[in-house]
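Observations on the three-dimensional arrangement
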Amino acid sequence: MRTAVVVGGGLGGLAVSGALARSGWQVTVLERADRIRPERAAVVLWPNGVRALRALGLGAGLDAIATTLPDGGVRRPDGHWLVQPRPTPRERVPMVVHREDLHDALIAGLGERVELRTGVTVRTVRVAAGVRPAVGDGRHTYEADLVVAADGVDSVIRRQLAPSSEVVSSGCAAWRAVIPWYRAPSLTDPVGGEILGAGYRFVSASLGERGSSGASSRGGVYWMATAAGAARPEPPQTQLALLRRWFAGWPAPVDELLAATEPADLVQREIRELRPLPRAFGFPVGPGGVVLLGDAAHAMPPHLGQGACLAFEDAATLAALLRESTLPDAVVAYDRARRPRAAAVVRQTRRMSAVLRTRGRLALRARDAALGTITPRLLGTAATIAAQWHPPTPPDPSRRS
Ligand SMILES: Cc1cc2nc3c(=O)[nH]c(=O)nc-3n(C[C@H](O)[C@H](O)[C@H](O)COP(=O)(O)OP(=O)(O)OC[C@H]3O[C@@H](n4cnc5c(N)ncnc54)[C@H](O)[C@@H]3O)c2cc1C
């Protein structure tokens, strides 16, 4: 039986572990934390992410926990529409899901061939000619046919295999919260959509009532705010007060959502990214290989909400290639398929970053003048890019010689 060690039990690591196990692999997940614990936030899944999860066999689980996200358009803080809400074809409607619900669904999909080992911090990776790859935590060595580095933006495996790729600040911080359904304000305006201001952005989405999309969904209202500058060192209560000041007077439902948020709901993150992207995402090693997956391979700012979606694409692609080819061939094919795709999405995200980071009066005037044309075009391009990806299809057996 083929064996894999997956380093990291985040969304990417769990998705790929389940997929490999369902294809007959014996998988060991090594997770640094004491337990597998997602952030108390939600994640928007664009059509490519949804397709990837369906390709991974998780479609039914997703339908039970995710809510569709109707197009809420894009406004400026003065209420002016940058992009009017439009009816979206069914196949292009994104979904939004509570991260805890998604983690539960991914864990439920692991099955018996996956061993989860928590409290294991991987420190080294062994890539030597003629032998299978291995990782170590200083006490044990874990050898396998395949090592998947799904250990996030600070990946120790990537640092060793692609040292020229550095983690840098994206110049902004993000705050997120899920207001539980029983505390969610009843809103006159529908939740949803995006508001873009000078260096500031606010996005909200309804997760529905508890259990509304399925018996196990947590429900609530999700919002995310980003602001140019560094993460704030103050306690959550002060951060919340700052957010309320920064976003005061923005169109509904911003005020109502910030008012209903409690300090303990707040999740703050400095936004970081990889520059440049690693030159390779796949490394054949002896008879096996090592691959980088998810943020370990292509951490990017969340402006297009594509990080987790790409991690699911990575997982679906890897699983499909491993079903069709030998392991070393699959590792090479994974690299060829995934690196250009991630680079294309990162390019769009960086263009969006530049628009969002604009500050200073003159630059702002120019940005505001351009926003009306640039942003709709950018968002349109981003949506197209998101929609473009389809899971690899198995070769047609009738065409085999
Ligand atoms: C503010 C914000 C909003 C976002 N919104 C969206 C969105 O709406 N849609 C979307 O698609 N994406 C979104 N993203 C991106 C998305 O969250 C990430 O791309 C995704 O979670 C990455 O998953 P991952 O499994 O690759 O990495 P992670 O989630 O970082 O998981 C890595 C795991 O590896 C473990 N680990 C790390 N080092 C080691 C080690 N040495 N040994 C063992 N274990 C280790 C960690 O503990 C962690 O559990 C957002 C990101 C941010 C910051």
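Please refer to the structure placed before this passage.
Attention in this report is confined to the structure presented alongside it. Numbers given for residues are sequential positions, taken from 1 along each chain in its written order. Residues qualify for local features only when their pLDDT is at least 70, as the model is predicted, and side-chain atom pairs are given and counted only at 80 or more; totals for whole chains, interfaces and linings, by contrast, use all residues. Side-chain calculation: all heavy atoms of the structure are included, whereas hydrogens and water are not.

With that settled, consider the pattern of salt bridges. Salt-bridge detection follows one rule: a side-chain nitrogen of Lys or Arg within 4 Å of a carboxyl oxygen of Asp or Glu. For the structure on display, the rule yields 22 salt bridges. The partner of Glu-100 in a salt bridge is Arg-218, and the shortest N-O contact between them spans 3.4 Å. Here Arg-218 lies in the loop between strand E15 (200-206) and strand E16 (221-228) and Glu-100 lies in helix H4 (residues 99-108), a separation of 118 residues in the sequence. For Arg-218, a relative accessible area of 27% translates into the label partly exposed. Elements are defined by DSSP. Helices are runs of H or I of four residues or more, strands are runs of E of two residues or more, and each kind is numbered from the N terminus. Residue exposure (1.4 Å probe, protein chains only): buried if accessible area is under 20% of the type maximum, exposed if over 50%, otherwise partly exposed.

Strands are treated as partners if at least two bridges between them are detected by DSSP. An order of E9-E10-E11 is seen for the 3 strands of this open sheet, with the pairing classed as antiparallel. Edge positions in the sheet fall to strand E9 (124-126) and strand E11 (141-143), since each of these pairs with one other strand and no more. Averaged over all neighbouring strand pairs, the angle between strand axes comes to 20 degrees, with direction disregarded. The pairing of strand E10 (residues 134-136) with E11 spans 3 bridges and is classified as antiparallel. When the sheet's bridge partners are listed, Gly-136 is paired in E11 with Thr-141. Think of each axis as a best-fit line through the C-alpha atoms, taken over the contacting stretch in the case of a helix, with angles from 0 to 180 degrees between the N-to-C directions.

Time to look at the environment of Met-1. As for its placement among the helices and strands, Met-1 is situated in the segment before strand E1 (3-7). Classification of Met-1 by relative accessible area gives exposed; the value is 65%. Sequence separation between Met-1 and Asp-145 is 144 residues, and the spatial gap between their C-alpha atoms is 9.8 Å. Other than its neighbours up to four places away in sequence, Met-1 contacts Gly-24, Trp-25, Gln-26, Arg-113 and Asp-145. Any two residues having at least one pair of non-hydrogen atoms within 4.5 Å are treated as being in contact.

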